[in-house]
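Listed below, chain by chain, are the residues.
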There are 2 protein chains.
Amino acid sequence: MNNYSKISLSENGRTELHDALSLTGAEISVNSLPAGASVPFVHVHRQNEEIYAVLEGKGKAEIDGESIEIKAGVWVRIEPKAQRRFFADHDRPRLLLGGRRIDKKTQREL
Amino acid sequence: MNNYSKISLSENGRTELHDALSLTGAEISVNSLPAGASVPFVHVHRQNEEIYAVLEGKGKAEIDGESIEIKAGVWVRIEPKAQRRFFADHDRPRLLLGGRRIDKKTQREL
């Protein structure tokens, strides 16, 4: 068995890396957000901070009602209790979302 | 106090995000690797897996002596015990390295 696993991402849609790479503690997904769309809907997290990296394009994030500009090279950490929403400009941001994996039954970190 | 923190990365050098974004469990750095260089030197980890994402450019990774091609869009998870080394082609890969944060004294995960 190799001491590594590898995946090459496509340009479109959403890829979840936890199962694809057999990750242990991390939960990472890469998302392409169509122009004019917002994703995900306004939501909060119970206990895990989330870290967002913008890989391509630009847009804005709304965090607790505050709007901030985002573009490639921007990283944002968001507290669990913060309400968040993301919007893509016409350049179509490509968003990387990462955070701790949470057990869905116990809501404890794995 | 805001429920988020934000940083805009520069194009060059190495940026460590743990302190910059007040992360809790994650250790993330973004690195630009000059053409022809290899970084870091061959090394292993005691217990934390590492996850590498190639953001720009192309090159190769040597993992336990096996050479694999890497380019933008490739993600690789590497076991703690694996020896690893990275090389940049002339396109200068921009490497994102992430993993669990480890206490340097106790070698336990924080």
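Residues numbered from 1 in each chain as written. Chains lettered and ligands numbered in written order. Predicted model: local features only at pLDDT ≥ 70, side-chain atom pairs only at ≥ 80, totals over all residues. Heavy atoms only, no water.

Enquirer: I would appreciate a short explanation of the overall build of chain A in the present structure.
Expert: The secondary structure content of chain A amounts to one helix and nine strands. In chain A, the order of α-helices and β-strands from amino to carboxyl end is β-β-α-β-β-β-β-β-β-β. Split into buried and exposed, the 110 residues of chain A put 48% on the buried side. Considering only intrachain contacts with a sequence separation of at least 6, the fraction spanning at least 24 residues in chain A is 62%. If you sum the accessible surface of chain A, you get close to 5,900 Å²; carbon and sulfur atoms cover 47% of it. (Helix = DSSP H or I, 4+ residues; strand = E, 2+ residues; numbered from the N terminus. Buried < 20%, exposed > 50% of the residue type's maximum accessible area, 1.4 Å probe, protein only. Contact = heavy atoms within 4.5 Å. Areas by Shrake-Rupley, 256 points an atom, 1.4 Å probe, with all protein chains shown as cover.)

Enquirer: I tried to follow the sheet that holds strand E5 (residues 58-63) of chain A on my own but got confused; where do I start?
Expert: Strand pairing in a sheet takes place through backbone hydrogen bonds and is either antiparallel or parallel in direction. All names here are of chain A. Pairing in this open sheet of three strands is antiparallel, and the strands run E6-E5-E8 from one edge to the other. Whereas interior strands pair on both sides, the edge strands pair on one side only; in this sheet they are strand E6 (66-71) and strand E8 (84-88). Neighbour-to-neighbour, the strand axes of this sheet turn through a mean angle of 25°, independent of strand direction. Here six bridges tie E5 to E6, and the two strands are oriented antiparallel to one another. When the bridges of E6 are listed, Gly59 appears paired with Ile70. (Pairing = 2+ DSSP bridges. Axes fitted to C-alpha atoms, helices over the stretch in contact; angles between N-to-C directions.)

Enquirer: Just checking my understanding: could you explain the relation of the copies chain B and chain A for this structure?
Expert: Mapping between the two chain copies consists of a rotation about an axis together with a translation along that axis. At an RMSD of 0.0 Å, chain B and chain A line up after a rotation of 180° and a shift of 0.0 Å along the axis. When the rotation and shift are considered jointly, the pair of chain copies conforms to a two-fold rotation axis. Closest to the rotation axis within chain B is the C-alpha of Leu55 of chain B, separated from it by 3.7 Å. (Least-squares fit on C-alpha atoms with pLDDT ≥ 70 in both.)

Enquirer: Explain the nonpolar core to me, please; I cannot follow it from the model alone.
Expert: Generally speaking, nonpolar side chains in soluble globular proteins are found buried as a group. Counting 24 residues, the largest nonpolar core has Trp75 of chain A together with Trp75 of chain B as its most contacted members. Sorting the residues of this core by element identifies strand E3 (26-32) and strand E4 (50-56) of chain A together with strand E3 (26-32) and strand E4 (50-56) of chain B as the ones contributing at least two each. (Core = buried A, V, L, I, M, F, W, Y, C linked by side-chain atoms within 4.5 Å.)

Enquirer: Would you mind showing me how to read the side chain of Arg77 of chain B here?
Expert: Take Arg77 of chain B: it is sitting in strand E7 (residues 74-78). Only 2.5 Å separates the side chain of Arg77 of chain B from the backbone oxygen of Leu21 of chain A, close enough to count as a polar contact. Side-chain polar atoms of Arg77 of chain B contact the side chain of Glu79 of chain B, separated by 3.0 Å. (Polar contact = N/O pair within 3.5 Å; in protein donor to acceptor, adjacent residues only side chain to side chain.)

Enquirer: Please clarify how the interface of chain B and chain A should be interpreted in this entry.
Expert: One widely used convention gives an interface's size as the accessible area the parts lose upon coming together. Of the residues lining the interface, 38 residues belong to chain B; the matching set on chain A comes to 37 residues. Summed over both sides, the interface between chain B and chain A buries roughly 3,200 Å², with carbon and sulfur atoms accounting for 55% of that surface. Where chain B packs against chain A, one counts zero salt bridges. For the pair chain B and chain A, the number of links is 18 residue pairs in polar contact (both at pLDDT 80 or more). Listed by contribution, the elements that provide at least two residues to the side of chain B that touches chain A are strand E1 (4-8), E3, E4, strand E6 (66-71), E7 and strand E9 (94-100) of chain B. A class-by-class count of the residues in the side of chain B that touches chain A yields 21 nonpolar, eight polar and nine charged. Here five bridges tie strand E1 (residues 4-8) of chain A to E7 of chain B, and the two strands are oriented antiparallel to one another. Each residue of the ladder has a partner; that of Tyr4 of chain A, found in E7 of chain B, is Ile78 of chain B. (Buried area = accessible area lost by both parts, 1.4 Å probe. Salt bridge = Lys/Arg side-chain N within 4 Å of Asp/Glu carboxyl O. Nonpolar A, V, L, I, M, F, W, Y, C, P; charged D, E, K, R; others polar.)

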